[in-house]
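A look at the structure
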Amino acid sequence: MTITEVETTITAKKVLCCKVPTNKGERIRKILLDNNELNKNYKLKKEDNYLFIPIISTDETEIDKSIMENLKKIYNNIEFIEINMLGNPKTNKLNFREYLLKNFKKEIENGAVVLSYDIIGDIVIIQISDNIDENIAKKIGAKALELIPSVKSVYRRKSEILGEFRVRELELLAGEYKTLTMYKENGYRLWVDVEKVYFSPRLGWERKRIMEKVKPEDIVVDMFCGVGPFSIACKNAKKIYAIDINPDAVELLKKNIKLNKLQHKIIPINNDIRKTEVKGNRIIMNLPKFAHLFVDTALKMVEKNGIIHYYTVGTDYNEAINLFKSKCNCEIVEKRIVKSYSPREHIFVLDIKIY
């Protein structure tokens, strides 16, 4: 037996994979990577005109509904097949999600430990219930630091998003105490301070979707801009009004405008959106839990035949559709699930044309 044959015997293993055409493979791989679902322990495999992309879930039903919807938007006939895959010698070790599944299955099932986590630059934010012993929580944090590449700090999310400045309490579990980090997505960079502002890396694909819709003649109003990810994603527009009530967010926004060389396009405004008088033909309402409270404000800002990108939380689209139809003459141009919010709810986006 040759050395190559020995290595194949050792590292080959049955792994669940997405089977997709090779020309769709990179986009599918990116979605899986962004959602911590790509199994980096195994190499991608190509056969004929298809690519087999290894995933972490061991069953198709484990994949989050929002991830599945995004995958099927790229290739509706996606298949999930178990095949023999070769291990990647550089990463062929337990990843963090596999570690959680192996050691905390009961806690995952009862919601005390959450499988998904956020990577923001070199900072990771994980979700562990206060009911978990502090020493065990720190052990999990240490494992995250060990198993997630390029991470320097691991925090536990201690609260939901709080107050009008939209921040959440965090607890350091492992690594350095640092809250400022550089985050990269879609060809731009952002300074984010996880202690002073709310930021979700899971909206990267959604921001790319908006980026591709923006036209050079557009005037964008980003009503709840934070550090500016949607505003900067709209960089091809004529002008962008980036508004937030949180002064820390706007200070970081200004740095991000300069970092991405967009001083000539993005106008940062630190103010209550209800006291801000601007108009545009493309309005972004990325405040899912409370956006319904600002619909009247958005309708005053949007120009005739303009588009409102409305983000909301719920079990279906109907409440949001009925809300807009009760207030204006409009058309639902597009609607989609963005991501999961709770076991029974999702964050939805509706692209609404206002007549």
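These numbers come from a predicted model, not from an experiment.

**Structural notes on the overall build of the protein chain**
Broken down by element type, the protein chain carries eleven helices and 17 strands. Taken over the C-alpha trace, the protein chain has a radius of gyration of 22 Å; the compact-globule value for 355 residues is 20 Å, and the two agree within 12%. Across its three principal directions, the C-alpha atoms of the protein chain cover 75 × 50 × 40 Å. Within the protein chain, the proportion of its 355 residues that are buried is 51%. Residue pairs at least 24 apart in sequence account for 65% of intrachain contacts in the protein chain once pairs closer than 6 positions are excluded. Accessible surface, the protein chain: about 18,000 Å² in total, of which carbon and sulfur atoms supply 49%. Each charge sign in the protein chain was given a centre, from 61 positive and 49 negative side chains, and these centres are 4 Å apart.

**Some words on the pairing of strand β10 (residues 188–193)**
Looking at chain direction, strand β9 (residues 180–185) and β10 are connected through six bridges and run antiparallel. Bridge pairing in β10 links Tyr183 to Leu190. Taken together, β9 and the strand that follows it, β10, pair antiparallel across an intervening segment of two residues, in which Asn186 is found at a positive phi of about 50 degrees.

**Let's talk about the environment of Ile273**
As for its placement among the helices and strands, Ile273 is situated in the loop between β13 (266–270) and β14 (280–285). Using a relative accessible area of 3% as the deciding quantity, one classes Ile273 as buried. Expressed as a C-alpha distance, the spacing of Ile273 and Lys105, which sit 168 residues apart in the sequence, is 44 Å. Excluding its chain neighbours within four sequence positions, the residues that come into contact with Ile273 are Met223, Phe224, Ile243, Phe294, Thr297 and Met301.

**Concerning the sheet that holds strand β3 (residues 50–54)**
Taken in spatial order, the four strands line up as β2-β3-β1-β4 in an open sheet, and their pairing is antiparallel. Two strands bound the open sheet, and with one partner strand each, they are β2 (45–47) and β4 (79–85). Strand-to-strand twist of the sheet, defined as the mean angle between neighbouring strand axes without regard to direction, takes the value 40 degrees. Here helix α2 (residues 25–34) sits on the sheet and contacts β1 (13–21) and β3; the angle it forms with β3, its principal contact strand, is near 10 degrees.

**Focus on the domain arrangement of the protein chain**
Domain parsing of the protein chain yields domain 1 (12–86), domain 2 (96–178) and domain 3 (200–354). Facing nine residues of domain 1, the contacting portion of domain 3 comprises nine residues. At the boundary of domain 1 with domain 3, total buried surface from both sides reaches about 830 Å², with 50% on carbon and sulfur atoms. Taken as a group, Ser66, Glu69 and Asn70 account for 42% of the area that domain 1 buries against domain 3, more than any other trio of residues on that side. Put simply, domain 1 and domain 3 have zero salt bridges between them. Linking domain 1 with domain 3 are two residue pairs in polar contact (both at pLDDT 80 or more). Of all the secondary structure elements, the ones that give two or more residues to the side of domain 1 that touches domain 3 are α2 and α3 (65–74). It is α3 that contributes the most residues to the side of domain 1 that touches domain 3, six residues altogether. Its residues assigned to classes, the side of domain 1 that touches domain 3 shows two nonpolar, two polar and five charged.

Calculation rules
- Residues numbered from 1 in each chain as written.
- Predicted model: local features only at pLDDT ≥ 70, side-chain atom pairs only at ≥ 80, totals over all residues.
- Heavy atoms only, no water.
- Helix = DSSP H or I, 4+ residues; strand = E, 2+ residues; numbered from the N terminus.
- Rg over C-alpha atoms; globule rule 2.2 N^0.38 Å.
- Buried < 20%, exposed > 50% of the residue type's maximum accessible area, 1.4 Å probe, protein only.
- Contact = heavy atoms within 4.5 Å.
- Areas by Shrake-Rupley, 256 points an atom, 1.4 Å probe, with all protein chains shown as cover.
- Lys, Arg positive; Asp, Glu negative; His and termini not counted.
- Charge placed at Lys NZ, Arg CZ, Asp CG, Glu CD.
- Pairing = 2+ DSSP bridges.
- Axes fitted to C-alpha atoms, helices over the stretch in contact; angles between N-to-C directions.
- Domains from an automatic or database assignment.
- Buried area = accessible area lost by both parts, 1.4 Å probe.
- Salt bridge = Lys/Arg side-chain N within 4 Å of Asp/Glu carboxyl O.
- Polar contact = N/O pair within 3.5 Å; in protein donor to acceptor, adjacent residues only side chain to side chain.
- Nonpolar A, V, L, I, M, F, W, Y, C, P; charged D, E, K, R; others polar.

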